[in-house]
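Reading the structure
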Amino acid sequence: MTNFIPIFPLGIVVFPGEMLHLHIFEPRYKELINDCFQQKKPFGIPSVFNNRVNEMGTIMQVVEISKLYDDGKMDIKTEGIRVFKILEQVNSLPEKLYGGAIVTYPRIQMEGNPKLMKKILEGIRSIYHTLNIKKEFSKPDDQVKCYDVAHHAGLTLEDEYHLLELEHELQRQEFLKRHLAKVMPIMAEMDILKGKIKMNGHFKNVKGL
């Protein structure tokens, strides 16, 4: 299935199910959001990095216009719906300031390995503990998917984009598992370092040779 959507390229990765708040100030995107909100149509956010609009992105629905300013700027709430892939970008539309794209929709599989997901959550929480961060996920552990935790695992923008490219939840779980396997030893070293810093200036009980 292919169709045409207006697009709003941004230097972020948005995942399906994510709530995203945006401040809209550019004339072309003020027009885009107004059109989509009035016509109850979605738009797409493809990810921008390395100075180009990349082919993968997420379909967004405007949930509400939270605040409308006198100059037409607005604060909006949007929700990620599904992943898309750009087949052809259309830079200009008749009588419109914004552009769009012809897109297709990959078949995203959401069934993963519950035991592996549990280990991923344990790894993320271990990192939070080391960094002294208190954060809870919005869903019970047995309902959490990779999309729900991707922004909380310390991924780079490119890593998040690669995760968006993966069609199967098992692939996404393996990707996060490998990432955490690299990060967690670094966190352990930080924990040891914090302990050494705290002991600095204290009496130490050490044995001689």
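Further up the page is the structure itself.
Calculation rules
- Residues numbered from 1 in each chain as written.
- Predicted model: local features only at pLDDT ≥ 70, side-chain atom pairs only at ≥ 80, totals over all residues.
- Heavy atoms only, no water.
- Helix = DSSP H or I, 4+ residues; strand = E, 2+ residues; numbered from the N terminus.
- Expected span 1.5 Å × (residues − 1).
- Buried < 20%, exposed > 50% of the residue type's maximum accessible area, 1.4 Å probe, protein only.
- Core = buried A, V, L, I, M, F, W, Y, C linked by side-chain atoms within 4.5 Å.
- Contact = heavy atoms within 4.5 Å.
- Phe/Tyr/Trp six-rings, centres within 6.5 Å; stacked < 30°, edge-to-face > 60°.
- Polar contact = N/O pair within 3.5 Å; in protein donor to acceptor, adjacent residues only side chain to side chain.
- Pairing = 2+ DSSP bridges.

In this section: helix α1 (residues 27-39). Over its 13 residues, α1 runs 18 Å from end to end, which matches the ideal 18 Å to within 8%, given 1.5 Å per residue. Of the residues making up α1, those classed as buried are Y29, K30, L32, I33, D35 and C36. Where α1 ends, the next residue or the one after it, K40, has phi of about 55°, a positive value.

A few words now on the nonpolar core. Counting residues in hydrophobic clusters, the biggest one holds 28 residues, and the most contacted among them are I124, V149 and L176. Going through the elements one at a time, α2 (114-131), α3 (146-149), α4 (157-165) and α5 (169-199) are the ones with two or more residues in this core. In terms of residue count, the dominant contributor to this core is α2 (7 residues). In contact with L176, not counting residues within four places along its chain, are I120, C146, V149, A153, L155 and L163.

The tally for this structure, following the rule as stated, stands at 4 aromatic pairs. With a centroid separation of 6.3 Å and 35° between ring planes, the pair formed by F8 and F43 is classed as tilted. Taken together, the positions of F8 in the loop between β1 (2-6) and β2 (19-24) and F43 in strand β3 (residues 43-49) put the pair 35 residues apart, joining distant regions of the chain. For the pair F8 and F43, a shared accessibility class is recorded, and that class is buried. Centroid distance F49 to Y161: 5.2 Å. Interplanar angle 75°. Geometry classified as edge-to-face. With F49 in strand β3 and Y161 in helix α4, this pair connects stretches of sequence that are 112 residues apart.

A few words now on the environment of S66. Here S66 lies in strand β4 (residues 52-68). Note: C-alpha distance between S66 and H23 (43 residues apart in sequence) is 9.8 Å. Dropping the residues within four chain positions of it, S66 is found in contact with D75, I76 and K77. One polar contact links S66 to E64, side chain to side chain, over a distance of 3.0 Å.

Judged from the 6 bridges that link them, β3 and β4 form a sheet pairing that is antiparallel. Directly across from V48, in β4, lies its bridge partner V53. The turn joining β4 and strand β5 (residues 74-90), which pair antiparallel and follow one another in sequence, is formed by 5 residues; a positive phi near 95° is taken by G72.

The next subject is the environment of I59. Its place among the elements puts I59 in strand β4. For I59 and V14, which are 45 residues apart along the polypeptide, the C-alpha to C-alpha distance reads 8.9 Å. The contact partners of I59, leaving out residues within four places of it in the chain, are I5, P42, F43, G44, E79, G80, I81, R82, F84 and Y105.

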